[in-house]
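A structural walkthrough
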Amino acid sequence: MKKLILISVLALAFIACKDKTDKAREIVDKSIEAHGGAKYENFTAEFDFRKFHIKLMQNEGKFQYERISKDSANNDIWDVVNNEGYLRLINGNQITLSEKDQEKYKNAVNSVAYFVLLPYKLKDKAVNLEYLGETEIDKQKYDKVKVWFDKEGGGKDFEDVYCYWFNQKTHLVDYLAYTNGGPRFRRVKNRQTVGGIVFQDYENFAITDTTIQAFDYDKAFIAGKDSLLSLIEQKNIVVR
């Protein structure tokens, strides 16, 4: 009898978990459509981000992300990440880097691409989703979704936990939070649609209450437990 009860409890827990995952996937899919949908599958986007020029290319599963800058000697530095891996070019010549430096620069390029291509990046196979319910910020209703990653394909920071707030009316991502590098909460400051894709600038806040988890950063933000750190902006955007 006890075994039957345990099996029933586990079955109900599994169904509840699946329901939360399915609900989250439905919300994310609607958001991807609102942010650009099929436009993400085949495009080239270029923009300026801080001291770098960024180029993001995707073509039916193939991708290449480039970060271009100049060093103090006016050399052209290209960091390139694609399906094959990572490479660095200086004045058009490939150079050899240590494994540590390769990972550092590769992660830096991927980080820019990841945030710019949200919520499309939440389609990746390594992504796990869980619906956390409904909440309200500044008189707007949101669906809150927790995101974490499988170790396989989840990147260097696969153990990090993210949370996204999807506007129930527009289906756009208005807020996001994560723990890697310190408690961070981002609020959309400006958005523009270029080539059918929505690009978003953010105000980047540190959450001063370090005892709470990422999916509660909205509560800390509402309570004023935050400090503005920086602006995350893409300038001179061109999409082809």
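Quick look at the structure, then. Quick caveat, the model's predicted, so the values are computed rather than measured. (Residues numbered from 1 in each chain as written. Predicted model: local features only at pLDDT ≥ 70, side-chain atom pairs only at ≥ 80, totals over all residues. Heavy atoms only, no water.)

**Some points on the side chain of Arg184**
Here Arg184 is to be found in strand 11 (residues 184-194). One buried charged residue, Arg184, forms no salt bridge at all, with the nearest opposite charge on Asp160 at 10 Å. Setting aside residues no more than four positions away along its own chain, Arg184 makes contact with Leu176, Ala177, Tyr178, Asn204, Phe205, Ala206, Tyr217 and Leu229. (Helix = DSSP H or I, 4+ residues; strand = E, 2+ residues; numbered from the N terminus. Buried < 20%, exposed > 50% of the residue type's maximum accessible area, 1.4 Å probe, protein only. Lys, Arg positive; Asp, Glu negative; His and termini not counted. Salt bridge = Lys/Arg side-chain N within 4 Å of Asp/Glu carboxyl O. Contact = heavy atoms within 4.5 Å.)

**Re the nonpolar core**
Proteins that are soluble and globular tend to have nonpolar side chains buried together. By size, the foremost hydrophobic cluster in this structure holds 47 residues, and its most contacted members are Val147 and Tyr164. Per-element accounting of this core gives the leading share, seven residues, to helix 2 (residues 99-116). Setting aside residues no more than four positions away along its own chain, Tyr164 makes contact with Tyr114, Leu118, Leu122, Asp143, Lys144, Val145, Val147, Val173, Tyr175 and Leu176. Core analysis: the next-biggest nonpolar cluster, separate from the first, contains 14 residues, Cys163, Tyr175, Ala177 and Tyr217 among them. (Core = buried A, V, L, I, M, F, W, Y, C linked by side-chain atoms within 4.5 Å.)

**Observations regarding the pattern of salt bridges**
The full count for this structure, using the stated rule, is 13 salt bridges. In this structure, the salt-bridge partner of Asp79 is Arg88, at a minimum N-O distance of 2.8 Å. Like Arg88, Asp79 is buried. The partner of Asp174 in a salt bridge is Arg191, and the shortest N-O contact between them spans 2.9 Å. A residue pair is termed long-range when its members are at least 10 positions apart, and Asp174 in strand 10 (residues 173-178) and Arg191 in strand 11 qualify at 17 residues. The class of Asp174 is buried, set by a relative accessible area of 11%.

**Focus: the sheet that holds strand 13 (residues 226-232)**
As summarised here, the arrangement of the seven strands in space is 7-8-9-10-11-12-13, forming an open sheet in which the pairing is antiparallel. Edge strands, defined here as strands with exactly one partner in the open sheet, are strand 7 (127-137) and strand 13. The average undirected angle you get between the axes of adjacent strands in this sheet is 25°. Looking at chain direction, strand 8 (residues 140-149) and strand 9 (residues 162-167) are connected through six bridges and run antiparallel. Opposite Lys146, over in strand 9, you have Cys163 as the bridge partner. With respect to the sheet, helix 2 is in contact with strand 8, strand 9, strand 10, strand 11 and strand 12 (197-207), its orientation differing from that of strand 9 by roughly 25°. (Pairing = 2+ DSSP bridges. Axes fitted to C-alpha atoms, helices over the stretch in contact; angles between N-to-C directions.)

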